[in-house]
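What the coordinates show
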Amino acid sequence: MNARKTRILADLPAHLLSRPRTWIAAGVTGLSLMGVVAATAVAPDTVPADILFERVVQTLPAPVASIASTEAVLPFVYNERILAGDTLQAVFNRLRIDDTEALAYISGTDAGKRAIRQLRAGRSVTAVVSPEGRVMSFSLPIGNTTEQVVVERGESGLALREASNSTQTAMVEMRSGTITHSLFGATDAAGLPDNVATQLATIFGTWIDFHADLRKGDRFNVVYEAVYEEGNPVRAGRILAAEFINNGERHAVVLYRGPSGKEQYYSDDGRSLQQGFLRSPLEFSRVSSNFGRRLHPIHGSWRNHNGTDFSAPVGTPIMATSDATIDFIGTQRGFGNLIVLKHRNNITTHYAHLNGFAKGLTKGQSVSQGDLIGYVGCTGWCTGPHLHYEVRIKDVPADPMTVALPMADSFNDRELAAFQRNTAHLRQRFALLNYELASAR
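Each residue is numbered by its place in its chain's sequence as written, counting from 1. Residue-level local features of this predicted model are given only where pLDDT is at least 70; pairs of side-chain atoms are given and counted only at 80 or more, and the full residue set underlies all totals for whole chains, interfaces and linings. With hydrogens and water excluded, all non-hydrogen atoms of the structure serve as input to the side-chain values.

1. Regarding the overall build of the protein chain
Check the secondary structure of the protein chain and you find eight helices and 28 strands. Working rule for contacts: check all heavy atoms of both residues, and any pair within 4.5 Å makes them a contact. Within the protein chain, contacts between residues at least 6 apart in sequence are counted, and of these 63% link residues at least 24 apart. Split by element, the accessible area of the protein chain, about 24,100 Å² in all, is 52% carbon and sulfur. Numbered from the N terminus, helices here are DSSP runs of H or I no shorter than four residues, and strands are runs of E no shorter than two. With residues, only the protein chains shown are counted as cover, and all accessible areas are computed by Shrake-Rupley using a 1.4 Å probe.

In structure tokens, the structure reads:
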């Protein structure tokens, strides 16, 4: 993507033109950055007869300096979007900034380091750069906040300050597209930001294999958040609603705050896209002992084994299998290091023999499905590194691998009616986008 580049133009002196000229002001456009104004001039003979204008003729003396020499000392102004994977050096290179002092200065300050660590694709940097490539002013956003780091070069050298950009405005945008060759080709053609296109693929990936199932003529509608700064888009946020028609079959989702208070995606008939419980709290493992009676490896007697054991190396990350609050975290006899999570509908999950807990966890804290809660170990009554995982319903053990567990945030009749009512305005946007698409054909 090419940076948008504008010369800062001073008022040109009258003596820069050498003979009588006639100029007709045909249009003036104000650029949002630094108040630069660009004017378009047209010859009088090209103006339609029904347009009134005032003819101004002025005789100017011969020039004493060239326009080129005047422009040579004027700086450039850039407004450049951050791309995925960008570093500060990459941004400097794209803006043709050759200023190792400024690069080292920004990279050497705490605020500068924080901004560099939190570069977000889709946000924008602004820079004023001398013709020699030296930074005169450089504004770098910090993550997805309204904060930014501003570096300026003055008589005493470079100086840095942190500022809050209060001019940012959140808006809702809509885009439609039709598949001709690939999903991302269609999203690019529709002007959909890259991070929104990625969200689209993730959301509908449970229904559609985007490598094998796409058909020419498939189409999508997307409603998403966009943040503007001084009239310019700086980043795109979450998808609020989306619709995808694949091979004639319609799939649609809306973002909604469910009964648990957490925002997640639902089909437009109220079914949660999120799985209620993960079957395994480990990404890579094998079952080493199933639920049921077994000969206890330490005590040597037949006992009920009230959970499932997953064999894995020490230090393997353990995930919360569903949204919950921490009911217990600590050491408990034969379980060793243990975490107990409390879920809706009187369900608890138990994670035992841990090597350690994730940093910062405390009793009563909320965790989300997939959050890191601890690491596989061999504490308590244990003969080798593994995770002992239990599911209890009303404190009665159930087989984690076969028990029927509720879907995430399923609605009762009253909640479903509220969902349909509160998301109607988003679903109506699909009808508007489909109407515009049909009208364009």
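We are not done yet, so read on.
2. Structural notes on the pairing of strand 8 (residues 135–141)
We call a residue buried when its accessible area falls under 20% of the maximum for its residue type, exposed when it is over 50%, and partly exposed in between, using a 1.4 Å probe and counting protein chains only. When you tally the buried positions in strand 8, you get six out of seven residues, the bulk of the element. Here, a strand pair is defined by DSSP locating no fewer than two bridges between the strands. Taken together, strand 7 (residues 124–129) and the strand that follows it, strand 8, pair antiparallel across an intervening segment of five residues, in which Gly-133 is found at a positive phi of about 90°. Pairing between strand 8 and strand 9 (residues 147–154): five bridges, direction antiparallel. The residue bridging Phe-138 from the neighbouring strand is Val-151, located in strand 9.

3. Regarding the state of the cysteines
When the sulfur atoms of two cysteines come within 2.5 Å, that pair is taken as a disulfide. Scanning all chains against the criterion turns up one disulfide. At a sulfur-sulfur separation of 2.1 Å, the disulfide partner of Cys-378 is Cys-382. Because the torsion about its S-S bond is -115°, the bridge between Cys-378 and Cys-382 counts as left-handed. Classification of Cys-378 by relative accessible area gives partly exposed; the value is 34%. Among the residues examined, Cys-382 registers a relative accessible area of 16% and is labelled buried.

4. Digging into the nonpolar core
Residues enter a nonpolar core if they are buried and are Ala, Val, Leu, Ile, Met, Phe, Trp, Tyr or Cys, with the set joined through side-chain atoms within 4.5 Å. Membership of the largest hydrophobic core comes to 38 residues, with the highest contact counts inside it found for Phe-204, Phe-220, Ile-239 and Phe-244. Secondary structure elements with two or more residues in this core: helix 5 (183–189), helix 6 (194–204), strand 12 (219–229), strand 13 (232–246), strand 14 (249–257), strand 15 (263–267), helix 7 (413–422) and helix 8 (424–440). Among residues more than four places away in sequence, those in contact with Phe-204 are Phe-210, Ala-242, Glu-243, Phe-244, His-251, Ala-252 and Val-253.

5. Things to note about the side chain of Asp-86
By the element assignment, Asp-86 lies in the loop between strand 6 (76–81) and helix 2 (88–94). Here a polar contact is recorded for every N or O atom pair within 3.5 Å, except that within protein the pair must consist of a potential hydrogen donor and a potential acceptor, and residues adjacent in sequence are included only if both atoms are side-chain atoms. Reaching out from Asp-86, the side chain makes a polar contact with the backbone nitrogen of Leu-83 at a distance of 2.8 Å. Those residues in contact with Asp-86 that sit more than four places away from it in its chain are Arg-81, Val-91, Arg-94 and Leu-119.

6. Some details on the side chain of Thr-423
With respect to the secondary-structure elements, Thr-423 resides in the loop between helix 7 and helix 8. A relative accessible area of 1% places Thr-423 in the buried class. Within the structure, Thr-423 has its side chain in polar contact with the backbone oxygen of Phe-419 (distance 2.7 Å). Residues within four places of Thr-423 in sequence aside, it is in contact with Val-254 and Tyr-256.

7. Things to note about the packing of aromatic side chains
Only the six-membered ring of Trp is used, alongside the rings of Phe and Tyr, when aromatic pairs are assigned; centres must lie within 6.5 Å, and planes under 30 degrees apart are stacked while those over 60 apart are edge-to-face, with the rest tilted. One pass over the structure, following the stated rule, counts nine aromatic pairs. Judged by centre distance (6.4 Å) and plane angle (50°), the ring pair of Phe-310 and Tyr-389 falls under tilted. Of this pair, Phe-310 sits in strand 19 (residues 308–311) while Tyr-389 sits in strand 27 (residues 386–393), and the two are 79 residues apart along the sequence. Note on accessibility: Phe-310 and Tyr-389 belong to one class, buried. Note on Tyr-351 and Tyr-389: the rings are 5.3 Å apart at their centroids and 45° apart in plane angle, and the pair reads as tilted. Remark: Tyr-389 occurs in strand 27 and Tyr-351 occurs in strand 23 (residues 347–354); sequence separation between them is 38 residues. Each of the two residues, Tyr-351 as well as Tyr-389, counts as buried. Feature note: the residues Phe-204, Trp-207, Phe-220 and Phe-244 constitute an aromatic cluster, connected by ring pairs.

8. Regarding the sheet that holds strand 24 (residues 356–357)
Across a sheet, strands are paired by hydrogen bonds formed along the backbone, either parallel or antiparallel in direction. Read from one edge of the open sheet, three strands run 20-26-24, paired in antiparallel fashion. Two strands close off the open sheet at either side, each with one partner strand: strand 20 (317–319) and strand 24.

9. Brief notes about the confidence of the model for the protein chain
Per-residue confidence for the protein chain gives a mean pLDDT of 75; residues scoring 70 or more make up 72%. When the criterion is pLDDT under 50, residues 1–72 qualifies, and its contacts beyond four places in sequence or with other chains add up to 88 contacts. Confidence of the predictor at the level of single residues is given by pLDDT, which spans 0 to 100.

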